[in-house]
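# Observations on chain architecture
Here are the chains, one letter per residue:
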Amino acid sequence: LFAIFAFATCGGYSGELRLSVDCANKSESDLNIDIAFAYPFRLHQVNFDAPTCEGKRREKLSLIGDFSSSAEFFVTTAVFAFLYSLAATVVYIFFQNKYRENNRGPLIDFIVTVVFSFLWLVSSSAWAKGLSDVKIATDPEEVLLLMSACKQQSNKCLPVRSPVMSSLNTSVVFGFLNFILWAGNIWFVFKETGWHSSGQRHAQDTMEKQSSSYNQGGYNQDSYGPAGGYNQPGSYSQVGEYGQSQSYGQSGPTSFANQI
């Protein structure tokens, strides 16, 4: 649905602007100069006639710019995204078993989703820039500068109506919404692949190995038995000044004094 809105608002666009040229000689004036343009915005091919205010002679002019590349790139991305989404939906519903067979279906789906996310970002950015240029090229004030009659101060040139660009603005918004939608879907498609499953198994095996090594490794309570440290509570030994072992019993202070 988002892809349909994207290419429909851009590919189905047609606009029109109207200009007025009021010559000093009123009989030579043209107050309704209509200029129509549409997708794919090859504006240099849009021709129109304008009075020169020099007798009945008129000049043939055209708009400036060719913005078809960015517009067609955007629409093409939207159309193919719609077709792939439609095909993927059919596979998800009716061919779920074949989709998961040999993990090939999820891997292909993951790769295509990444590619479309990138295409949506690039095409939407390119079309946003192209739309900005289209607005400048179809600005009535800019178009009036192309007419020779408007360069004479005795003539009055005025914009009557500007083209409505709301649908084109909407197409750019839907383009970036499609990018967010497809980029967010990468994670969900990745979870269907064997890469995600193998990663989970590897993490689980690592935790099991660490747990088993901790249980077998050796904090043994027997190592803290009676053999350690001070065996008899009332006595302890000390090496004297000349290397002889001296024992001190419970009468510690008295025996020590006698030895001194």
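If you check an unreviewed UniProt entry, the protein appears there as SYNPR protein from Probosciger aterrimus. On record in UniProt, under Sequence similarities (unreviewed entry), the comment for the protein is "Belongs to the synaptophysin/synaptobrevin family." According to UniProt, the comment filed for the protein under the heading Subcellular location (unreviewed entry) is "Membrane".

## Quick word on the overall build of the protein
Scanning the protein for helices and strands turns up 8 helices and 7 strands. Each of the 260 residues in the protein was classed as buried or not, and the buried ones make up 30%. Long-range contacts, defined as pairs at least 24 residues apart, comprise 65% of the intrachain contacts of the protein with a sequence gap of at least 6.

## Details of the packing of aromatic side chains
Taken as a whole and judged by the stated rule, the model has 14 aromatic pairs. Aromatic pair Phe5 and Phe174: ring centres 5.1 Å apart, planes at 40°, arrangement tilted. With Phe5 in helix α1 (residues 2–11) and Phe174 in helix α6 (residues 166–190), the pair connects residues that are 169 residues apart, well separated along the chain. Among the aromatic residues, ring-to-ring pairing joins Tyr13, Phe37, Tyr39, Phe41, Phe74, Trp120 and Trp127 into one connected group.

## What to know about the sheet that holds strand β1 (residues 14–22)
Strand order in the open sheet formed by 3 strands is β2-β1-β5, with antiparallel pairing between adjacent strands. Both edges of this open sheet fall to β2 (30–38) and β5 (156–161), since each of them pairs with a single strand only. With strand direction ignored, the average angle separating the axes of adjacent strands in the sheet is 25°.

## With respect to the pattern of salt bridges
A complete count under the given rule lists 7 salt bridges for this structure. A salt bridge links Asp30 to Arg58; the shortest N-O distance between them is 2.8 Å. Of this pair, Asp30 sits in strand β2 while Arg58 sits in strand β4 (residues 58–62), placing them 28 residues apart in sequence. Given the relative accessible area of 16%, Asp30 is considered buried.

## Notes on the UniProt feature "transmembrane region" (unreviewed entry) in the protein
According to UniProt, the "transmembrane region" (unreviewed entry) feature falls on residues 73–95, 107–128 and 172–190. Counted over residues 73–95, helix gives 96% and strand 0%. Its end C-alpha atoms are 31 Å apart. With 100% helix and 0% strand, residues 172–190 has its two end C-alpha atoms placed 28 Å apart.

## Observations concerning the packing of helix α4 (residues 104–137) against α6
Contact pair α4 / α6: the axes reach a minimum separation of 8 Å and the direction vectors enclose 160°. With respect to their mutual orientation, α4 and α6 come out roughly antiparallel. Relative to α6, α4 is oriented so that their crossing is left-handed. The residue inventory of the contact of α4 with α6, partitioned by class, reads 18 nonpolar, 9 polar and 2 charged.

Analysis parameters
Each chain carries its own residue numbering, running from 1 in the written order of its sequence. With the structure being a predicted model, the display of local features is reserved for residues of pLDDT at least 70 and the display and counting of side-chain atom pairs for 80 or more, all residues being used for whole-chain, interface and lining totals. With hydrogens and water set aside, each side-chain value is computed from the structure's full complement of heavy atoms. UniProt positions are given in the numbering used here, feature names are shortened, and annotations may be inferred rather than shown by experiment. Helix and strand labels come from DSSP, where a helix needs a run of H or I of at least four residues and a strand needs a run of E of at least two; each type is numbered from the N terminus. Burial here depends on accessible area, computed with a 1.4 Å probe over protein chains only, as a share of the maximum for the residue type. Under 20% is buried, over 50% is exposed, and the range in between is partly exposed. Between two residues, a contact is recorded if the distance between any of their heavy atoms is within 4.5 Å. Stacked, edge-to-face and tilted labels apply to pairs of Phe, Tyr and Trp rings (six-membered ring for Trp) whose centres lie within 6.5 Å, assigned for plane angles under 30 degrees, over 60, and everything in between, in that order. Pairing between two strands requires that DSSP report at least two bridges joining them. Helix axes are fitted only over the stretch in contact, all axes being lines through C-alpha atoms; the angle between N-to-C directions runs from 0 to 180 degrees. The working definition used for a salt bridge is a side-chain nitrogen of Lys or Arg within 4 Å of a carboxyl oxygen of Asp or Glu. With respect to orientation, any angle under 35 degrees is reported as roughly parallel, any angle over 145 as roughly antiparallel, any angle of 65 to 115 as roughly perpendicular, and every other angle as oblique. Crossings are assigned a handedness: left-handed for a near helix turned anticlockwise from the far helix by less than a right angle, right-handed for a clockwise turn. When residues are sorted by character, Ala, Val, Leu, Ile, Met, Phe, Trp, Tyr, Cys and Pro go into the nonpolar class, Asp, Glu, Lys and Arg into the charged class, and all the rest, Gly among them, into the polar class.

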